[in-house]
Amino acid sequence: MKYKGRHIISVRDLQRSDIDYILDKSSEVKAGKYSNLLKDTVLACLFFEPSTRTRLSFEAAVTRLGGSFFGFANSDSSSASKGETLKDTVKTVTGYCNVIAVRHPLEGAARAASEVARVPVINAGDGSNQHPTQTLLDLFTIKEKLGSLDGLKIGLLGDLKYGRTVHSLAMALSLYNVQLYLISPRILQMPDHYRSYLQRANISFVESESLDDIGKELDVLYVTRIQRERFGDSQEYEKVAGSYRVTPDTLDKLNSHTRIMHPLPRVDEISAEVDETENAIYFEQAHNGIPVRQTLLGLVTGALE
Ligand code: NCD
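To keep things clear, this report deals only with the structure shown in the data block. (Residues numbered from 1 in each chain as written. Predicted model: local features only at pLDDT ≥ 70, side-chain atom pairs only at ≥ 80, totals over all residues. Heavy atoms only, no water.)

### Description of the pairing of strand β2 (residues 68-72)
Right, so step 1: Note that strand β1 (residues 42-47) and β2 share five bridges and pair parallel. Note on β2: the bridge partner recorded for L46 is F72. (Pairing = 2+ DSSP bridges. Helix = DSSP H or I, 4+ residues; strand = E, 2+ residues; numbered from the N terminus.)

Next up, the structure:
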């Protein structure tokens, strides 16, 4: 009963033992061990920001195991457009469902939602802050492909300043024995508080603006999109847009076994020719959103222990 009623807001709230447990359960769920697991689950998807994979995989996750969902996919179609506060929306919706997934452009929004919800809240991304369910499916994919999370050399490439996926992922990886490579344009470096977090966890990391001397080392290259919508100034975005492009030529700079991941959507960071290579695992990664989200929904609603 350890997870029943728990909110999933930040990777910071999870211990290594929690993550290992969730990943092990996700393997069982993926293997089909729990049919109809979510038959009593009614999920509310409150998405105040665009989403394809996160929202649709939450919805597919719950329906494929017998549950149901409702919600909205943008704030224009909710009373947020009339000026309703997030807390009032959540105070209402909490009476319609038994779990809430919320995505919002403001950092801290999921935490605020959890303060007024009477059901578990799962953070589906809050601004540049956190995206814990993405991280869990990323870790699940790495473990599935490489056998373990320990002993790996992992490069995070692209927008390390605004990308919530890499913020959550770096924090989670700090619970394992990994070597990190943070590769970004200078103005998109990992913010200080995440770097301090890694230092406090004794994780060794190398920062670089180029993949050139690092690529051959990597077990995993995690590519991210430059988060255009989070730039205050579009000229700043133009300076770094298209900074990195993973093409078939880039593969020569990587190890033959380097796995390429991306939370998606991609804009131009990875060319479509790379999709057909053995290195590319980003669509499998996206598909793992189903078992991992099914597991989380099961755990927080108490359907799974
Ligand atoms: C990411 C997000 O929304 O943070 N997408 C996702 O959830 N798979 C990454 C992004 O938008 O670049």
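### So, the packing of helix α5 (residues 132-146) against helix α10 (residues 289-301)
Right, so step 1: At a minimum axis separation of 9 Å, α5 and α10 run at an interaxial angle of 125°. Taken together, α5 and α10 sit at an angle that is classed as oblique. You can see that α5 and α10 cross each other, and the crossing is right-handed. Contact residues: α5 offers T133, Q134, L136, L137 and F140, while α10 offers G289, V292, R293 and L296.
Right, so step 2: Split by residue class, the contact of α5 with α10 holds five nonpolar, three polar and one charged. (Axes fitted to C-alpha atoms, helices over the stretch in contact; angles between N-to-C directions. Parallel < 35°, antiparallel > 145°, perpendicular 65-115°, else oblique. Left-handed = near helix turned anticlockwise from the far one by under 90°. Contact = heavy atoms within 4.5 Å. Nonpolar A, V, L, I, M, F, W, Y, C, P; charged D, E, K, R; others polar.)

### So, the packing of aromatic side chains
Right, so step 1: Within this structure, the stated rule accounts for six aromatic pairs.
Right, so step 2: With centroids separated by 5.0 Å and ring planes inclined at 55°, the aromatic side chains of Y162 and F231 adopt a geometry described as tilted. With a gap of 69 residues between them, Y162 in the loop between β5 (152-157) and α6 (164-173) and F231 in the loop between β8 (220-223) and α8 (234-240) connect regions that are remote in the sequence.
Right, so step 3: For the ring pair F231 and Y237, a centre distance of 5.6 Å and an interplane angle of 80° mean the geometry is edge-to-face. Assigned by exposure class, F231 and Y237 land together as buried.
Right, so step 4: An aromatic cluster of at least three residues, connected via ring pairs, comprises Y162, F231 and Y237.
Right, so step 5: A cation over a ring is seen here: K2 above Y21, with NZ or CZ 5.7 Å from the ring centre.
Right, so step 6: Stacked on the ring of F58, the Lys or Arg R293 has its end atom at 5.1 Å from the ring centre. (Phe/Tyr/Trp six-rings, centres within 6.5 Å; stacked < 30°, edge-to-face > 60°. Buried < 20%, exposed > 50% of the residue type's maximum accessible area, 1.4 Å probe, protein only. Lys NZ or Arg CZ within 6 Å of the ring centre and 35° of its normal.)

### Considerations on the site of the ligand
Right, so step 1: T54, R103, H131, Q134, R164, T165, R225, Q227, P263, L264 and P265 make up every residue found near the ligand.
Right, so step 2: Within the side chain of R164, a nitrogen or oxygen atom sits 2.7 Å from an oxygen atom of the ligand.
Right, so step 3: Note that an oxygen atom of the ligand is positioned 2.8 Å from one of the side-chain N or O atoms of Q227.
Right, so step 4: Relative to its unbound accessible area of 320 Å², the ligand is 93% covered by the protein chains.
Right, so step 5: Residue classes in the shell around the ligand are distributed as three nonpolar, five polar and three charged. (Near = heavy atom within 4 Å. Polar contact = N/O pair within 3.5 Å; in protein donor to acceptor, adjacent residues only side chain to side chain. Areas by Shrake-Rupley, 256 points an atom, 1.4 Å probe, with all protein chains shown as cover.)

### Quick word on the sheet that holds β1
Right, so step 1: Pairing is parallel across the open sheet formed by four strands, whose spatial order is β2-β1-β3-β4. Two strands lie at the open edges of the sheet, namely β2 and β4 (121-126), each paired on one side alone. Neighbour-to-neighbour, the strand axes of this sheet turn through a mean angle of 15°, independent of strand direction.
Right, so step 2: In terms of strand pairing, strand β3 (residues 99-104) meets β4 through four bridges, oriented parallel. The partner of A101 across the bridge, within β4, is I122.

### Here's the deal with the side chain of S57
Right, so step 1: Positionally, S57 belongs in helix α2 (residues 53-64).
Right, so step 2: According to the relative accessible area criterion, S57 is buried, its value standing at 8%.
Right, so step 3: At a separation of 3.4 Å, a polar atom in the side chain of S57 contacts the main-chain carbonyl oxygen of T54.
Right, so step 4: Ignoring any residue separated from it by four or fewer positions in sequence, one finds S57 in contact with T52, G289, I290 and R293.

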